[in-house]
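The primary structure of each chain is shown beneath.
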Amino acid sequence: MKSLKLFMLLPMLMLNATPLLAHSPGENARVYFKNLKDGQIIHMPYKVEFGIEGYGIVPAGTKDKRRHTAGHHHLLVDHPGNIDMDEPLDHSKNCLHFDKGETTTILDLPPGEHTLQLLLGDENHEPTDPPLMSKKITIRVQ
Ligand SMILES: [Cu+2]
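Residues numbered from 1 in each chain as written. Predicted model: local features only at pLDDT ≥ 70, side-chain atom pairs only at ≥ 80, totals over all residues.

## As for the nonpolar core
Nonpolar side chains in soluble globular proteins tend to end up buried together.
Here comes step 1: Within the largest apolar cluster, 12 residues are counted, these being Val 31, Phe 33, Phe 50, Ile 52, Leu 75, Leu 76, Leu 116, Leu 118, Leu 119, Leu 120, Leu 132 and Ile 139.
Here comes step 2: Secondary structure elements with two or more residues in this core: β1 (30-33), β3 (46-53), β5 (70-77) and β8 (112-121).
Here comes step 3: Of the residues forming this core, the biggest block, four residues, is contributed by β8. (Core = buried A, V, L, I, M, F, W, Y, C linked by C-beta atoms within 7 Å. Buried ≥ 20, exposed ≤ 12 C-beta atoms within 10 Å, placed from the backbone. Helix = DSSP H or I, 4+ residues; strand = E, 2+ residues; numbered from the N terminus.)

## Looking at the pairing of β5
Here comes step 1: Counting buried positions over the eight residues of β5 gives seven, a clear majority of the element.
Here comes step 2: Relative to β5, strand β4 (residues 56-57) is paired through two bridges, and the arrangement is parallel. Its bridge partner being in β5, Ile 57 is matched across the sheet by Gly 71.
Here comes step 3: Direction of pairing for β5 relative to β8: antiparallel, over a ladder of six bridges. Looking at the pairing, Val 77 lines up with Leu 116 of β8.
Here comes step 4: The sheet contact formed by β5 and strand β6 (residues 95-97) spans three bridges and is antiparallel. Across the sheet, Leu 75 pairs through a bridge with Leu 96, a residue of β6. (Pairing = 2+ DSSP bridges.)

## Section: the sheet that holds β3
Here comes step 1: Strand order in the open sheet formed by three strands is β1-β3-β7, and the pairing between neighbours is antiparallel. Each edge of the open sheet is held by one strand with a lone partner, namely β1 and β7 (104-107). Each neighbouring strand pair of the sheet contributes to a mean axis angle of 25 degrees, computed without reference to strand direction.
Here comes step 2: One ladder, built from four bridges, connects β3 with β7; its direction is antiparallel. Bridge pairing links Glu 49 to Thr 104 in β7. (Axes fitted to C-alpha atoms, helices over the stretch in contact; angles between N-to-C directions.)

## Observations regarding the environment of Asp 108
Here comes step 1: One can find Asp 108 in the loop between β7 and β8.
Here comes step 2: For Asp 108, a count of 9 C-beta atoms within 10 Å translates into the label exposed.
Here comes step 3: Asp 108 sits 65 residues away from His 43 along the chain, and the two C-alpha atoms are 8.8 Å apart.
Here comes step 4: Residues within four places of Asp 108 in sequence aside, it is in contact with Met 44 and Pro 45. (Contact = placed C-beta atoms within 7 Å.)

## Some words on the environment of Glu 53
Here comes step 1: Secondary-structure assignment places Glu 53 in strand β3.
Here comes step 2: As for Glu 53 and Val 31, which are separated by 22 residues in sequence, their C-alpha atoms are 6.5 Å apart.

So this is what it looks like as structure tokens:
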């Protein structure tokens, strides 16, 4: 009888359990551009600031426990969008890594329209699960 009760209880316990998994930002976590918005017209060079809430920033390669609740920024610039969320992000002119935990960078893009998006990566440069990604914005450089 006792084991039967436990058997019935287990699925309920599992449904109620919403553990914070390693490398899993909570619902309220987000990354965003602090000083850029969609459609903004800017002049180069421009110092852009990366914001993060509900999750932390640590350098790439961090081995200690902080890696479960923090990552580092990546800036996607005119990225074609073919990102495999299960693989490390590439290093390219379309995907800039901020391995030291930087939260600002100086943009120097040619005139015209550009898309920008932030994507947080873990110690191995893989997106978290779920991915912590900003809105993709389009800016116009004059
Ligand atoms: Cu990276």
